[in-house]
Amino acid sequence: MMKIIRAKSYQDMSRKAANLISAQVIMKPHCVLGLATGSTPEGIYKQLIDWYNKDDIDFSQVTSINLDEYVGLTHDHDQSYWYFMQKHFFQYINIRPDHIFVPEGANLNADEVCRNYDRIIQRFGGIDLQLLGIGVDGHIGFNEPGSAFELGTHKVRLQESTIQANKRFFAHEEDVPKEAYTMGIKTIMQAHKVLLCASGTAKAAILREALYGPVTPQVPASILQMHPDLTVVVDQEAGACLPQEDADATA
Ligand code: GLP
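All values derive from a computational prediction rather than experimental measurement.

Colleague: It is not clear to me how the overall build of the chain should be interpreted in this structure. Could you clarify?
Modeller: From N to C terminus, the chain includes 7 helices and 10 strands. For 251 residues, the compact-globule estimate of 2.2 N^0.38 gives 18 Å, and the C-alpha radius of gyration of the chain, at 17 Å, lies within 12% of that figure. Along the first, second and third principal axes, the C-alpha set of the chain runs to 50 × 40 × 35 Å. Buried positions account for 54% of the 251 residues belonging to the chain. When contacts within the chain are restricted to residue pairs at least 6 apart in sequence, long-range pairs at least 24 apart make up 80% of them. Taking the average location of the 22 positive side-chain charges in the chain and that of its 31 negative ones, the two points are 3 Å from each other.

Now the structure itself:
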């Protein structure tokens, strides 16, 4: 079942999504969160840190298993997703360091990295709540168009449009890694709950295609239509092309 929550602004989207994550942690303190990087979740992490500082949320029993990582980047590379998570979230909260997982980007042995990661996900009993952004080409994690729906963690080649979209974070375009390790769509679909967030005009068209178009590997996020517990939180701009009747009333 899909539920669409419309937010007024990026800040409002962040607060609404943070509320759902917070509810998950309160209901199940030892839960496994599947977390995501990108500009979209930054505000969510800020909000959660704020509530953590107010003693409203406790991450001491939480496990975090991130979606993806660039191949070849070490933890201390400022564009690695490991670094992103520390910088924007983990350094501010009381999550146990041994409960933080991001695919090992620095390890070039893809088989080993992917096998290990799938084992970790299994060992912790799967993901309770998976947070997702969406790429302009419809990717989730780094599952690019054409990715098979039945894959676990695997190595991917990034699409040119993804490299273009992500180059803003690197000094030079040629510095953007061409490959990544990503949790597969099979694993994402096995999460008990999925929380997809989108903000800004650039996401409006792809979001409509993903949520109301045909379910096809050409639009990886379209598989989420089949997820039994999908919540989508959009700001006004990202939600602009979605049918009005699905709108949850927000002032
Ligand atoms: C990246 C990440 C995705 C993310 C997407 C959108 O490529 N691998 O997990 O959802 O880009 O990013 P943003 O939120 O910055 O638009």
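Colleague: Teacher, can you tell me more about the site of the ligand here?
Modeller: Contacts to the ligand come from 13 residues, most closely from Ser39, Thr40, Asp68, Phe142 and Lys203. Between Asn166 and the ligand, the recorded distance is 3.2 Å, taken from a side-chain N or O atom to an oxygen atom. A distance of 3.2 Å separates an oxygen atom of the ligand from a polar side-chain atom of Arg168. Notes on the ligand: free accessible area 390 Å², of which the protein chains cover 93%. A per-class count over the shell around the ligand returns 3 nonpolar, 7 polar and 3 charged.

Colleague: In this structure, what is going on with the pattern of salt bridges? I would like to understand it.
Modeller: Side chains that carry opposite charge are capable of pairing whenever their charged atoms lie near each other. Under the defined criterion, the tally for this structure stands at 9 salt bridges. Here Asp128 and Lys28 are joined by a salt bridge, their closest N and O atoms 2.9 Å apart. Of the two residues, Asp128 is situated in the loop between helix 4 (110–123) and strand 6 (129–132) and Lys28 in the loop between helix 1 (10–27) and strand 2 (32–34); the sequence distance between them amounts to 100 residues. Judged by relative accessible area, Lys28 falls into the partly exposed class, the value being 28%. Where Glu179 meets Lys155, a salt bridge forms, and the shortest distance between an N and an O atom there is 3.6 Å. With a gap of 24 residues between them, Glu179 in strand 8 (residues 179–182) and Lys155 in strand 7 (residues 154–157) connect regions that are remote in the sequence.

Colleague: What am I meant to see in the sheet that holds strand 3 (residues 63–65) here?
Modeller: Within a beta sheet, neighbouring strands are joined by backbone hydrogen bonds and run either parallel or antiparallel to one another. Taken together, the 7 strands give an open sheet; going across it, the order is 1-10-9-6-2-3-5, and neighbouring strands pair in parallel fashion. One side of each edge strand has no neighbouring strand; the edge strands of this open sheet are strand 1 (2–6) and strand 5 (100–101). Where strand 6 lies against strand 9 (residues 193–198), 4 bridges are found, and the strand directions are parallel. Residue pairing in the sheet places Leu132 in a bridge with Leu196 of strand 9.

Colleague: How should I be thinking about the side chain of Thr153 in this particular structure?
Modeller: Checked against the element boundaries, Thr153 lands in the loop between strand 6 and strand 7. Polar side-chain contacts of Thr153 include one of 2.7 Å to the side chain of Asp118.

Colleague: Looking at this structure, I do not really get helix 7 (residues 204–212). What am I missing?
Modeller: Spacing of three or four residues puts side chains on the same side of an α-helix, whose turn is 3.6 residues. Listed in full, the buried residues belonging to helix 7 are Ala204, Ile206, Leu207, Ala210 and Leu211. Along the long axis of helix 7, the arc covered by the buried residues comes to 160°, so they all point the same way. Along its buried surface, helix 7 packs onto strand 1, strand 9 and strand 10 (230–234).

Colleague: Sorry if this is basic, but what is going on with the packing of aromatic side chains here?
Modeller: Note on aromatic pairs: each is described by the distance of the centres and the angle between the planes. Counting across every chain of the model gives 9 aromatic pairs. When the centroid spacing of 4.6 Å and the interplanar angle of 15° are considered together, the rings of Tyr45 and Phe89 count as stacked. Residue Tyr45 is found in helix 2 (residues 42–53), and its partner Phe89 is found in the loop between helix 3 (81–88) and strand 5; the two are separated by 44 residues along the sequence. You'll find Tyr45 and Phe89 in the same group, each marked buried.

Colleague: Looking at this structure, how should I read the packing of helix 1 against helix 2?
Modeller: To characterise two packed helices, one gives the angle between the axes of the helices and the distance between these axes. Two elements in contact, helix 1 and helix 2, have axes whose closest approach is 8 Å; the angle formed by their N-to-C orientations is 60°. Classified by the angle their axes make, helix 1 and helix 2 are oblique. Considering the relative orientation of helix 1 and helix 2, their crossing is right-handed. Mapping the contact onto sequence places Tyr10, Ser14, Arg15, Ala17, Ala18, Asn19, Ile21 and Ser22 in helix 1 and Glu42, Gly43, Ile44, Gln47, Leu48 and Trp51 in helix 2.

Reading guide: rules and limits
- Residues numbered from 1 in each chain as written.
- Predicted model: local features only at pLDDT ≥ 70, side-chain atom pairs only at ≥ 80, totals over all residues.
- Heavy atoms only, no water.
- Helix = DSSP H or I, 4+ residues; strand = E, 2+ residues; numbered from the N terminus.
- Rg over C-alpha atoms; globule rule 2.2 N^0.38 Å.
- Buried < 20%, exposed > 50% of the residue type's maximum accessible area, 1.4 Å probe, protein only.
- Contact = heavy atoms within 4.5 Å.
- Lys, Arg positive; Asp, Glu negative; His and termini not counted.
- Charge placed at Lys NZ, Arg CZ, Asp CG, Glu CD.
- Near = heavy atom within 4 Å.
- Polar contact = N/O pair within 3.5 Å; in protein donor to acceptor, adjacent residues only side chain to side chain.
- Areas by Shrake-Rupley, 256 points an atom, 1.4 Å probe, with all protein chains shown as cover.
- Nonpolar A, V, L, I, M, F, W, Y, C, P; charged D, E, K, R; others polar.
- Salt bridge = Lys/Arg side-chain N within 4 Å of Asp/Glu carboxyl O.
- Pairing = 2+ DSSP bridges.
- Arc of directions from axis to C-beta.
- Phe/Tyr/Trp six-rings, centres within 6.5 Å; stacked < 30°, edge-to-face > 60°.
- Axes fitted to C-alpha atoms, helices over the stretch in contact; angles between N-to-C directions.
- Parallel < 35°, antiparallel > 145°, perpendicular 65-115°, else oblique.
- Left-handed = near helix turned anticlockwise from the far one by under 90°.

Interpretation in functional terms is not warranted from these geometric data alone.
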